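Listed below, chain by chain, are the residues.
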Amino acid sequence: MFKKSLLAVAAASMLTLTACGGSAGAGAAGGSGSGSDKITMGFAQVGAESGWRTANTKSVQESAKKAGVELKFSDAQQKQENQIKAIRSYIQQKVDVIAFSPVVESGWDTVLKEAKNAKIPVILTDRAVDSADKSLYKTFLGSDFVEEGKKAGEWLVADSKSATDTVNIVEIQGTTGSAPANDRKEGFAEAIKSDPKLKVIASQSGDFTRSGGKQVMEAFLKNNADIDVVFAHNDDEGLGAIEAIEAAGKVPGKDIKIITIDAVKDGMTALSNGKINFIVECSPMLGDQLMELAKKVVAGESVPERVVTEETTFTQEQAKQVLATRPY
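What comes next is a walk through the structure.

Definitions and cut-offs
In every chain, residue numbers begin from 1 and rise along the written sequence. Note on the predicted model: pLDDT of at least 70 is required for a residue's local features to be given, and 80 or more for side-chain atom pairs to be given and counted; whole-chain, interface and lining totals, by contrast, use all residues. Hydrogens and water are ignored here; the side-chain numbers use all heavy atoms of the structure. When DSSP finds two or more bridges between a pair of strands, those strands are recorded as paired. Only DSSP runs of H or I with at least four residues qualify as helices, and only runs of E with at least two residues qualify as strands; both kinds are numbered from the N terminus onward. Every residue pair with non-hydrogen atoms within 4.5 Å of one another is taken to be in contact. Structural elements are reduced to axes, namely lines fitted to C-alpha atoms, with helices fitted over the stretch in contact, and the angle between N-to-C directions of any two is expressed from 0 to 180 degrees. Helix span, as expected, comes to 1.5 Å for every residue beyond the first. Only protein chains enter the calculation, and the probe is 1.4 Å; a residue is then buried if its accessible area is under 20% of its type maximum, exposed if over 50%, and partly exposed in between. The reported arc concerns the directions from the helix axis to the C-beta atoms and nothing else. Residues grouped as a nonpolar core are buried Ala, Val, Leu, Ile, Met, Phe, Trp, Tyr and Cys residues, joined through side-chain atoms within 4.5 Å. Definitions used for this entry: grid spacing 1 Å over protein atoms alone; cavity, a set of points where a 1.4 Å probe fits but cannot get out; pocket, an open set with protein on both sides within 12 Å along at least 5 of 7 lines; lining residue, one with an atom within 4 Å of a point. Grid points are joined across faces, edges and corners, and a volume is the space filled by probe spheres set on the points. As a working rule, the residues Ala, Val, Leu, Ile, Met, Phe, Trp, Tyr, Cys and Pro are called nonpolar, Asp, Glu, Lys and Arg charged, and the rest polar, with Gly in that last group. Should an angle lie under 35 degrees it is considered roughly parallel, over 145 roughly antiparallel, and from 65 to 115 roughly perpendicular; all remaining angles are considered oblique. In a left-handed crossing the near helix is turned counterclockwise from the far helix by less than a right angle, and in a right-handed crossing that turn is clockwise. By convention, orient the strands away from the viewer: a clockwise path from the first strand over the helix to the second makes the crossover right-handed.

1. Looking at the sheet that holds strand S8 (residues 229–232)
Pairing within the open sheet is mixed, and its six strands lie in the order S7-S6-S8-S9-S10-S12. Here the strands that pair on one side only, and so sit at the sheet edges, are strand S7 (198–205) and strand S12 (313–314). Both strand S10 (residues 278–281) and S12 contribute to a ladder of two bridges, which runs antiparallel. Residue pairing for S12: Ile-279 is matched across the bridge by Phe-314. Together, strand S6 (167–173), S7 and S8 form the strand contacts of helix H7 (residues 210–223), whose direction differs from that of S6 by roughly 150°.

2. With respect to helix H10 (residues 287–298)
A rise of 1.5 Å per residue sets the reference length of H10, with its 12 residues, at 16 Å; its end C-alpha atoms lie 16 Å apart and thus fit the reference within 8%. Residues of H10 that are buried: Gly-287, Leu-290, Met-291, Leu-293, Ala-294, Val-297 and Val-298. Down the axis of H10, the buried set is contained in an arc of 165°. They therefore lie on one face.

3. Some remarks on the nonpolar core
In terms of nonpolar packing, the biggest core is built from 25 residues, with Ile-172, Met-217, Phe-220 and Val-230 touching the most fellow members. With five residues, helix H8 (residues 235–247) is the largest single contributor of residues to this core. Each residue touching Met-217, except ones within four places of it in the same chain, is listed here: Val-170, Ile-172, Ile-227, Val-230, Ala-241, Ala-244, Ile-245 and Ile-256. Core analysis: the second largest hydrophobic core is formed by 24 residues, Ala-44, Val-46, Leu-112 and Ala-115 among them.

4. Remarks on empty space enclosed by the protein
This model, assessed by the stated rule, comprises two cavities of 30 Å³ or more. Volume-wise, the largest cavity comes out at about 100 Å³. Of all the elements in the fold, those that place two or more residues in the lining of the largest cavity are helix H2 (51–67) and helix H6 (179–192). Looking at side-chain class alone, the lining of the largest cavity contains five nonpolar, two polar and six charged residues. Of the voids in this model, the second largest cavity is the one considered here, and its volume is about 30 Å³. In this structure, the second largest cavity is lined by Phe-43, Asn-56, Val-60, Thr-125, Asp-126, Leu-286 and Leu-290. Grouping the constituent residues of the lining of the second largest cavity by class yields four nonpolar, two polar and one charged.

5. Quick word on the sheet that holds strand S4 (residues 122–125)
Within the open sheet, the six strands sit side by side as S2-S1-S3-S4-S5-S11. Their pairing is parallel. Edge positions in the open sheet fall to strand S2 (70–75) and strand S11 (306–308), since each of these has one partner strand only. Shown here is a sheet whose adjacent strand axes are inclined to one another by a mean of 20°, direction ignored. Judged from the six bridges that link them, strand S1 (residues 40–45) and S2 form a sheet pairing that is parallel. Residue pairing for S2: Gln-45 is matched across the bridge by Asp-75. Here H2 sits on the sheet in contact with S1 and S2, set at roughly 160° to S2. Contacts from helix H3 (residues 80–92) reach S1, S2 and strand S3 (97–100), with the element oriented near 170° to S1.

6. Things to note about the packing of H7 against H8
Here H7 crosses H8 at 45°, and the two axes come no closer than 7 Å. It follows from the interaxial angle that H7 and H8 lie oblique. Handedness of the crossing formed by H7 with H8: right-handed. From H7, Arg-210, Gly-213, Lys-214, Met-217, Glu-218 and Leu-221 reach across to H8, where they touch Asp-236, Glu-237, Leu-239, Gly-240, Ala-241, Glu-243, Ala-244 and Ile-245.

7. Observations concerning the pairing of S7
Note that S6 and S7 share seven bridges and pair parallel. Of the residues in S7, the one forming a bridge with Val-167 is Leu-198. The β-α-β motif built from S6, the intervening H6 and the parallel element S7 has right-handed crossover chirality.

8. Some words on the side chain of Thr-175
Turning to its location among the elements, Thr-175 is positioned in the loop between S6 and H6. The contact partners of Thr-175, leaving out residues within four places of it in the chain, are Gln-78, Ala-181, Ser-205, Asp-207 and Phe-208.

This is the structure we're talking about:
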C-alpha cells in the first residue's frame, strides 16, 4: 500500500513536470505553475521618471488586465542592477514571458542568456539593447528614436531657413547610455548637418526628468550668453527648461525656441500656450500591442523582429486641436 502511494505521487509529479517543461511555446503556458492557460508576464519597468513613463506603465497594467494576463510588475527606479535583479526573479518564478524597457543599451547578454536557457521568451519594449545575439529576445516593440530625432531636426532646418546668423542650439539629452538618448541625438545631428548655420554649442544629460532639465538649462544659461534653441529629448526636460528660462527673465518659445519629444499632456499644454514650439510624438500606449505579442510568442508563433509604433508631430495649432482628447 505504501509503495502504491509512492508510485501515485511520482506519477503526479511527472505530470506536473511535463506541464511546466518543454519548449518556450508549450512549456510557457504552464510556466507560472498554475496549471491554467492564463499567461504570466514579468514586466521590469525603467521607473517613473516622467509623465510618459507613468502613462506607459498604466497602459501595460490596464492592457494586461483586459487581456487576462497575470502581470508581475517591478519598478527599477532607473537602475540597471534593479532591472537585472527583477528579471532573475521572474526566471526563478518561471513566468511565461518577460518584457522590459532597458534602462541602458549595454550589459544585458548574461541575464538574457539565463532567460533563454530557462526557455522564457523576452520582449523588449520602448528601448532596445545593443546585443549582437538577436536570439536573446523575440521582438522589440517601440518607436524609431532616430526618426524622432530627425523629425525634430528637420523642423528646425525649415524654421531656420530665413536666419542669416548662426543658430545656437543647446541639447538636453536623456539618460546617458539609453537607446532614446543615443538615437535621438544621432537623428537630430543627421538632420541639422545640412545647414551649417545650425550649431549645437552645449549638450548634457537631464536624465529624462523635469528637475534634470531645469538644472541643465540653468547651467546652459549661465555659461552661454546667446542661446537660440533648446532641443530636449523629452517633454519633461523641456518643461524643466521652461522654468529655468522664465527664471532668467526670458520668454520660452520666443526668446528661446524649444523642441521636445513625447507629446504628453503637460508638454502639449505648453505647446498650445506657445512655450514650446514643436513636439515629436512618442506614444507610451504600447500595452495592447505588447499583450498581443506576448500571447503569440508564448504560443510559439513567429513575430516580427521589430514592431514600430505609428506616431506624428505637433505644431501649436495642431496641439490646440487635439489637447482635449489626449489620453495621457
